[in-house]
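Listed below, chain by chain, are the residues.
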Amino acid sequence: MEKYKRIVYIIVFGLMAFTTGLIINACHKDKPVTNCTDVTNPFCPNYNPCYNKVAAKADFSIYEIINFIGIEADTVAAGKNCFVRSKQRQPGFTYNWTFSGALTGTYNDTVVNFTPPISNHGGFVTVTLIVKSNVGNCKTLKDADTLSKVFYIWGCSDLSAIFSANCGLSTPNYLPIWGSYKGTYQSNPLFQVTICLFDTFANHTFQTPCYSNQLGSYDIVNGVPYAGASLQKIPHFTHAEVLLDYGASAVYLHNTHTIGRLDTTLSHCSGDTRSYPAISAIAWADLYNSKKLYINLEYIDTLTKLLKTDFFTGYKLP
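Residues numbered from 1 in each chain as written. Predicted model: local features only at pLDDT ≥ 70, side-chain atom pairs only at ≥ 80, totals over all residues. Heavy atoms only, no water.

On average, residues of the chain score 75 in pLDDT, and 65% of them are at 70 or above. Counted against residues more than four places away or in other chains, residues 203-215, with its pLDDT under 50, gives 23 contacts. Every residue in residues 258-274 is under pLDDT 50, and counting partners more than four places away or in other chains gives 33 contacts. (pLDDT = per-residue confidence, 0-100. Contact = heavy atoms within 4.5 Å.)

Now the structure itself:
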């Protein structure tokens, strides 16, 4: 009898030990590995499901291209090359653009190039960008984001289009950046100057007998560089001479002629002996205040013959 009891006790204790071992082993499997430091491993104490994940953010800018430079703007000229660019450019993200209004289209890249068609009428365009990302198990980061912005197309502002009768000569739509501005140069912040950027239409009657009532485009640039730093103290009226590229948001000023070159087009007809310096400058309107103008320029001073750089900040005159 005692022999059978001993056998039963052995079996019971064996089963208890086996069961306890299973329970301990099962609990051990559920516990995190305490000596693990891999933040990407769900069984590690410092596991972070958001590690190396990036939230979707649909932010972008609109640019008008002036002399191969992208100028951020909310108004662009018809016929000018432009583009929109996402500020977030992540591998594996998806980008979906929708243009609606005066310009339509759908695109799926981080940068979209477009050219508003030349037309007598401008119009508003709404651009919507949807960005999607893969954030996995991370619950605190957005996996999709949407943003819309509106810009305006300034109609029929391309002079070549006007001359080719795509637009009416009687109603040219002058670009909003053209005009006179009062401000200061960085080199002399206490001295206020007035500069002028303007391209207009006029008859060449004042140049007779060289021209005979020929309608043309005239650059009027004054104060760039300013009087006292060069011999350019009056506007020079030229035919596509200095304003080499322009849009609604910016203009590009460029002249590579030798220092003190006479404007022979004018002097031959009217005896004008003015001169102006070699210059390269970009002028653009402030994105948040279209009345504010900046000019970044370099030029050869016609007095000292030295290459100089300067920066102008000014506000549009009424």
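Once that is clear, we can look at the state of the cysteines. Each disulfide consists of a covalent bond between the sulfur atoms of two cysteine residues. The full count for this structure, using the stated rule, is 2 disulfides. With a sulfur-sulfur separation of 1.6 Å, Cys 36 is cross-linked through a disulfide to Cys 44. Measuring the twist about the S-S bond at about 50°, one finds the Cys 36-Cys 44 disulfide to be right-handed. The class of Cys 36 is buried, set by a relative accessible area of 17%. (Disulfide = S-S within 2.5 Å. Buried < 20%, exposed > 50% of the residue type's maximum accessible area, 1.4 Å probe, protein only.)

Below, the discussion takes up the pairing of strand β17 (residues 292-300). Where strand β16 (residues 279-285) and β17 come together, 7 bridges link them in antiparallel fashion. Along β17, the bridge assignment pairs Ile 279 with Tyr 299. Linkage of β16 to β17, two consecutive antiparallel strands, is achieved through a turn of 6 residues. Bridge count for β17 against strand β18 (residues 307-316) is 9 bridges, and the pairing is antiparallel. Directly across from Ile 300, in β18, lies its bridge partner Leu 307. (Pairing = 2+ DSSP bridges. Helix = DSSP H or I, 4+ residues; strand = E, 2+ residues; numbered from the N terminus.)

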